There are 2 protein chains.
Amino acid sequence: MVQQIKVLEKVLDANDKIAGDNRRLFAEKKIVAVNLMSGPGAGKTTVLEQILPKLARKAPVGVIEGDIATTADAERIAALDVPVVQINTDKLGGSCHLEALAIQTALADLPMDKLRWLFVENVGNLVCPAEFDLGETLRVGVLSVAEGEDKPIKYPLLFRVIDLLLLTKVDLLPHLRFDLDRVLKNVHAVHADLRVIRFSSVTGEGVDEFLSWLESRAG
Amino acid sequence: MVQQIKVLEKVLDANDKIAGDNRRLFAEKKIVAVNLMSGPGAGKTTVLEQILPKLARKAPVGVIEGDIATTADAERIAALDVPVVQINTDKLGGSCHLEALAIQTALADLPMDKLRWLFVENVGNLVCPAEFDLGETLRVGVLSVAEGEDKPIKYPLLFRVIDLLLLTKVDLLPHLRFDLDRVLKNVHAVHADLRVIRFSSVTGEGVDEFLSWLESRAG
């Protein structure tokens, strides 16, 4: 176990160096890079489908999609006429998260001199992605109300490292036993004052609020 | 990357040896050990809450709960008067899955001479748990209809290694854009003929069918 942790530390050190390179590149090109993290099926791709057309009207947007397998999500993004690169981690040992090196490699296939926004949709996982810095500007967590109120305290690291939480699928609330006050209490127990935006792709709730937040953080 | 994979192989080899010890112990004691795996919030603990009281009327049941943090799930199981041990992986480097050694250690705190059934609720994660043999008799996957139809092809390993899939929260189907035929097609693309049971803790659908399946596989 000790040996395993030592190796993990080496991997993280190497990752942090490349993440630093990515961060410098984003700053130089004035690109706002947003790392979207959640468990599987919380609705990350659907969030992107809601916001990208509106965002792209004002400034150029690119996307990096991370999945173990399939190009399904990249196809959904490409259908919006947004440049997108798919990373499949099954070619990287089936990894449960994206690493800075994979991002650096993907950037070569994006029009970096034109982009203002870059969204990175991480692998659906509430654990591993939070451990790996990609060099991103902003970290946004996504939690669906169908997942239950206890996730922030059961997977605290992710909720600690994010700058914003989108609480998705709120249109389902009338059909769920879900206590909104309790999830907020759990969120703020691990990350005091974290901004939480209620989001629904069905009703459109939260779309404009998320866009305003992004603009306000773009610097 | 090569070094990382070599170390992972060593970790997996060591895990497999201990999993073999667990498997021999379960066989010797005539215990059916069931490893429950899913993404976060698919409803594993709720499934246990539905079946344990019925199962325990016929034969003694024990539970091992795996989480990064909190004893919330163990408390829900203990409320059913079922012996339960909580493993918190934040003491094991924040691991995204359970390993055979943690199970072996937990067994020391369970009444192994009395049990007929042992349920292991793995860490909520569609990636890592599928890679680690615990010595279990049966592997059951849990997927909620709120997670979308694409999960089986995006996280194929888990769906390949399970013996049964519980499709949970089917009471939400009227409120979702969820194509039941498409999820079954995706399940069977990665695991031909995998048995899928529709399950709802709200309506009780699937509870008896799951119990019958368990009895039929108990040997």
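The preceding data block contains the structure.
Residues numbered from 1 in each chain as written. Chains lettered and ligands numbered in written order. Predicted model: local features only at pLDDT ≥ 70, side-chain atom pairs only at ≥ 80, totals over all residues. Heavy atoms only, no water.

## Overview of the overall build of chain A
What chain A contains, in helices and strands, is 8 helices and 7 strands. Its C-alpha atoms give chain A principal-axis dimensions of about 50 × 45 × 35 Å. Here chain A holds 219 residues, and the buried ones make up 58% of them. The long-range share in chain A, meaning contacts at least 24 apart out of those at least 6 apart in sequence, stands at 73%. Summed over all atoms, the accessible surface of chain A reaches about 9100 Å², with 52% contributed by carbon and sulfur. Averaged over its 26 positive side-chain charges, chain A has a centre that lies 3 Å from the centre of its 31 negative ones. (Helix = DSSP H or I, 4+ residues; strand = E, 2+ residues; numbered from the N terminus. Buried < 20%, exposed > 50% of the residue type's maximum accessible area, 1.4 Å probe, protein only. Contact = heavy atoms within 4.5 Å. Areas by Shrake-Rupley, 256 points an atom, 1.4 Å probe, with all protein chains shown as cover. Lys, Arg positive; Asp, Glu negative; His and termini not counted. Charge placed at Lys NZ, Arg CZ, Asp CG, Glu CD.)

## A short note on the environment of Gly94(B)
By the secondary structure assignment, Gly94(B) is in the loop between strand E3 (84-88) and helix H4 (100-107). On the basis of relative accessible area, Gly94(B) is assigned to the buried category, the value being 17%. Non-local contacts of Gly94(B), meaning those with residues more than four positions away in its chain, are made with Val127(A), Glu131(A), Ile68(B) and Thr89(B).

## Digging into the sheet that holds strand E3 (residues 84-88) of chain A
Pairing between the strands of a sheet comes from backbone hydrogen bonds, and it takes one of two forms, parallel or antiparallel. All names here are of chain A. Reading across the sheet, the 7 strands line up as E3-E2-E4-E1-E5-E6-E7 and stay open at both edges, with parallel pairing between neighbours. The strands lining the two open edges of the sheet, one partner per strand, are E3 and strand E7 (196-198). Between one strand axis and the next, the sheet turns by 20° as a mean value, whatever way the strands run. Of the strands in this sheet, strand E2 (61-67), E3 and strand E4 (117-121) touch helix H4 (residues 100-107), which is tilted by about 145° from E3. Relative to the sheet, helix H7 (residues 180-190) contacts strand E5 (138-144), strand E6 (164-168) and E7, its axis offset from that of E7 by approximately 155°. (Pairing = 2+ DSSP bridges. Axes fitted to C-alpha atoms, helices over the stretch in contact; angles between N-to-C directions.)

## Topic: the sheet that holds strand E5 (residues 138-144) of chain B
Residue and element names in this part refer to chain B. Spatially, E3-E2-E4-E1-E5-E6-E7 is the arrangement adopted by the 7 strands of the open sheet, whose pairing is parallel. Strands at the two margins of the open sheet, each flanked by one partner only, are E3 and strand E7 (196-198). Taking each pair of neighbouring strands and ignoring which way they run, the sheet shows an average axis angle of 20°. Both strand E1 (residues 32-38) and E5 contribute to a ladder of 5 bridges, which runs parallel. From the neighbouring strand, leucine 36 faces E5, where its bridge partner is valine 140. Running at roughly 170° to strand E4 (residues 117-121), helix H2 (residues 44-56) makes contact with E1, strand E2 (61-67), E4, E5 and strand E6 (164-168) of the sheet. Together, E1, E4, E5, E6 and E7 form the strand contacts of helix H8 (residues 207-217), whose direction differs from that of E5 by roughly 165°.

## Some words on the relation of the copies chain B and chain A
Superposing chain B onto chain A requires a rotation of 180° together with a translation of 0.0 Å along the rotation axis, leaving an RMSD of 0.0 Å. Considering both components of the superposition, the chain copies are consistent with a two-fold axis. A symmetric contact is evident, with 97% of the interface residues of chain B recurring at the interface of chain A. (Least-squares fit on C-alpha atoms with pLDDT ≥ 70 in both.)

## Comments concerning the interface of chain B and chain A
Across the contact, 38 residues belong to chain B and 37 residues belong to chain A. Buried surface at the junction of chain B and chain A, both sides included, amounts to about 3100 Å², of which 60% is carbon and sulfur. Taken together, the links from chain B to chain A amount to 4 salt bridges. One salt bridge in this structure joins Lys154(A) and Asp67(B), with 3.4 Å as the shortest N-O distance. On the surface where chain B and chain A come into contact, there are 12 residue pairs in polar contact (both at pLDDT 80 or more). Only helix H1 (2-29) and helix H5 (151-154) of chain B provide two or more residues apiece to the side of chain B that touches chain A. In terms of residue class, the side of chain B that touches chain A is built from 17 nonpolar, 10 polar and 11 charged. (Buried area = accessible area lost by both parts, 1.4 Å probe. Salt bridge = Lys/Arg side-chain N within 4 Å of Asp/Glu carboxyl O. Polar contact = N/O pair within 3.5 Å; in protein donor to acceptor, adjacent residues only side chain to side chain. Nonpolar A, V, L, I, M, F, W, Y, C, P; charged D, E, K, R; others polar.)

## Looking at the pattern of salt bridges
This structure, assessed with the given rule, holds 32 salt bridges over all chains. In this structure, Asp208(A) and Lys54(A) form a salt bridge, with 3.2 Å as the shortest nitrogen-oxygen distance. Here Lys54(A) lies in helix H2 (residues 44-56) and Asp208(A) lies in helix H8 (residues 207-217), a separation of 154 residues in the sequence. In this structure, Asp150(A) and Lys151(A) form a salt bridge, with 2.5 Å as the shortest nitrogen-oxygen distance. With relative accessibility at 12%, the residue Asp150(A) sits in the buried group. Where salt bridges share partners, they join Glu49(A), Asp67(A), Asp73(A), Arg76(A), Asp150(B), Lys151(B) and Lys154(B) into one cluster.

## Re the environment of Gln104(A)
Residue and element names in this part refer to chain A. With respect to the helices, strands and loops of the structure, glutamine 104 is situated in helix H4. Distance in space between the C-alpha atoms of glutamine 104 and alanine 146 is 34 Å, their sequence separation being 42 residues. Excluding residues within four positions of it along the chain, glutamine 104 makes contact with Ile18, Asp21 and Asn22.

## Description of the environment of Cys96(A)
Mapping Cys96(A) onto the fold places it in the loop between E3 and H4. The class of Cys96(A) is buried, set by a relative accessible area of 10%. Placed 86 residues apart in sequence, Cys96(A) and Lys10(A) show a C-alpha to C-alpha distance of 18 Å. Contact partners of Cys96(A), with chain neighbours within four places excluded, come to Val123(A), Asn125(A), Cys128(A), Pro129(A), Val127(B) and Cys128(B).

## Considering the packing of aromatic side chains
Residues and elements named next belong to chain A. What the rule picks out here adds up to 4 aromatic pairs over all chains. Seen from their ring centres, phenylalanine 210 and tryptophan 213 are 6.5 Å apart, and the 20° between their planes marks the pair as stacked. A residue pair is termed a helical-turn pair when its members lie 3 or 4 positions apart in one helix, as phenylalanine 210 and tryptophan 213 do in helix H8 at 3 residues. Relative accessible area serves as the criterion here: at 5%, tryptophan 213 is assigned to the buried category. (Phe/Tyr/Trp six-rings, centres within 6.5 Å; stacked < 30°, edge-to-face > 60°.)

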